[in-house]
Amino acid sequence: MERTKVNNQFFGKAFEILVVETLTGKTPENSVLEKFSDLSDIRADVNNFLATFGNYKNVEWCGNHTKSAVCDLIADGKRIELKYTSSGNGTYYNTTIYQMIEYGFDYRDYMEYFALYDGITMIPNISVNKKAGSPVSVEDSFYIRNNFPDEYEFISGIEKRCREKFVNDLFNYFSQNFNVFIDFLNKMLRKETKNGLPDTIYIYNYKKKETKVLEIEKILTISQHLELKKTTNSLKYGNIRIAFGWQNGNGLNNPTIRIFID
């Protein structure tokens, strides 16, 4: 299997499974490994990672319960999240951009104002749903990107202006209401979950063959004496980056917020 953006999820899951297999001698029931004709590179990464992981006796994989699980592994009672990346620390948290409605910012208003919907409907046989979070379906997004590259470039240009205005408005609002920003940041770092958080995140970089460890307790300790900054598509506070983007085609499907710990 080729390492692509779409396939990253399978490589990450295979890494988790092989970590558990190596530690326990048992392969968790999951069909992901069947997608690979050759697992030798991932197995080599697992062995390299485990050399610095620690000596745990009781290891349980939580990967078959991804919707309810707060971690990937439970090792001697310690909740552990694994990330298998080529650069950076991976995405800490991913959620919908419509979380910002709570603060008075609905991204649909920006898409309407900049006539993004009108730009999409210029494509034959494509209609938009202005009430939905995504203007078009995943299938229509794929169809547009693969059959109308010029039109998609035009739509992306409109969406770029939407996002710049959206981020600028958020920056101004949070700068003037700093306590509200800290409250928002706390929610994002705690992932708005009632199930708890992992204790530790292990990040294995398969290009550098290096492991980085992030302790959740330290991540949740937020200084209130840093400067809130912005870029075209994100807000930045210390080593925390709040990026706004799209999962399946800019301006087409699934606008998101992604939290990164840089």
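Everything numeric here is computed off the predicted structure, so don't read it as measured data. (Residues numbered from 1 in each chain as written. Predicted model: local features only at pLDDT ≥ 70, side-chain atom pairs only at ≥ 80, totals over all residues. Heavy atoms only, no water.)

Colleague: Before we go on, may I ask you to explain unusual backbone geometry in this structure?
Modeller: The phi angle of most residues is negative, glycine excepted, and most peptide bonds adopt the trans form. Residue A115 is not a glycine yet carries a positive backbone phi of 60°. Among the secondary structure elements, A115 is positioned in the loop between α3 (107-113) and α4 (116-120). One non-glycine residue, K209, adopts positive backbone phi at about 60°. Mapped onto the elements, K209 comes out in the loop between β5 (200-205) and β6 (210-215). Overall, the relative accessible area of 44% leaves K209 in the partly exposed class. (Helix = DSSP H or I, 4+ residues; strand = E, 2+ residues; numbered from the N terminus. Buried < 20%, exposed > 50% of the residue type's maximum accessible area, 1.4 Å probe, protein only.)

Colleague: Help me understand the pattern of salt bridges, please; the structure alone is not making it clear to me.
Modeller: When the charged atoms of two side chains lie near each other, side chains of opposite charge can form a pair. Applying the stated criterion to the full structure yields 14 salt bridges. Across the salt bridge formed by D183 and K187, the nearest N and O atoms sit 3.8 Å from each other. Linking D183 with K187, this pair stays in helix α7 (residues 178-189), spanning four residues, or about one helical turn. The partner of D262 in a salt bridge is K236, with the nearest N and O atoms 3.9 Å apart. (Salt bridge = Lys/Arg side-chain N within 4 Å of Asp/Glu carboxyl O.)

Colleague: Help me understand the layout of surface pockets in this model?
Modeller: Left-over empty space is what a probe sized like a water molecule reveals as it rolls over the atoms. By volume, the second largest pocket is sized at about 250 Å³. Taken together, 17 residues make up the lining of the second largest pocket; nearest its centre are K218, I219, T221, N239 and I261. Elements supplying a minimum of two residues to the lining of the second largest pocket: β6 and α8 (216-219). Ranked by residues supplied to the lining of the second largest pocket, first place goes to β6 with four residues. Grouping the amino acids of the lining of the second largest pocket by side-chain chemistry returns eight nonpolar, five polar and four charged. (1 Å grid on protein atoms, 1.4 Å probe; cavity = no way out; pocket = protein on both sides within 12 Å on 5 of 7 lines; lining within 4 Å. Points joined across faces, edges and corners; volume = space filled by probe spheres on them. Nonpolar A, V, L, I, M, F, W, Y, C, P; charged D, E, K, R; others polar.)

Colleague: What should I look at first to understand the state of the cysteines in this one?
Modeller: Simply put, disulfide is the name for a covalent bond between the sulfur atoms of two cysteines. This structure, assessed with the given rule, holds zero disulfides. The structure places no disulfide on C62, whose sulfur is separated from the nearest cysteine sulfur, that of C71, by 4.1 Å. (Disulfide = S-S within 2.5 Å.)

Colleague: Sorry if this is basic, but what is going on with the sheet that holds β5 here?
Modeller: Two modes of strand pairing occur in sheets, parallel and antiparallel, and in both the strands are linked by backbone hydrogen bonds. The strand order across the open sheet formed by five strands is β1-β2-β3-β5-β6, and the pairing between neighbours is mixed. Every interior strand has two partners, whereas the edge strands, β1 (59-61) and β6, have only one. The mean inter-strand angle of the sheet, taken between neighbouring strand axes irrespective of direction, is 25°. Taken together, the six bridges between strand β3 (residues 78-85) and β5 define a ladder with parallel strand orientation. Paired with K83 across the bridge in β5 is I203. Here helix α2 (residues 40-50) sits on the sheet and contacts β3, β5 and β6; the angle it forms with β5, its principal contact strand, is near 130°. (Pairing = 2+ DSSP bridges. Axes fitted to C-alpha atoms, helices over the stretch in contact; angles between N-to-C directions. Contact = heavy atoms within 4.5 Å.)

Colleague: Which parts of the structure should I look at to understand the environment of S234?
Modeller: Looking at where S234 falls in the secondary structure, it is placed in strand β8 (residues 234-237). For the pair S234 and I259, spaced 25 residues apart in sequence, the C-alpha separation works out to 9.7 Å. Not counting chain neighbours up to four residues away, the residues in contact with S234 comprise V167, K229, R241, I242, A243 and F244. At 2.6 Å, the side chain of S234 forms a polar contact with the side chain of T231. (Polar contact = N/O pair within 3.5 Å; in protein donor to acceptor, adjacent residues only side chain to side chain.)

Colleague: Any chance you could explain the environment of R145 here in plain terms?
Modeller: By the element assignment, R145 lies in helix α5 (residues 138-147). Exposure remark for R145: the relative accessible area of 31% places this residue in the partly exposed category. Setting aside anything within four residues of it in sequence, one finds R145 in contact with Y152, N248, G249 and L252.

Colleague: Sorry if this is basic, but what is going on with the sheet that holds strand β9 (residues 240-246) here?
Modeller: With respect to topology, five strands assemble into an open sheet ordered β4-β10-β9-β8-β7, the strand pairing being antiparallel. Each end of this open sheet is capped by a strand with a single partner; those strands are β4 (93-96) and β7 (228-230). Geometrically, the sheet is characterised by an average inter-axis angle of 20° between neighbouring strands, direction not taken into account. Here β7 pairs with β8 via three bridges, running antiparallel.

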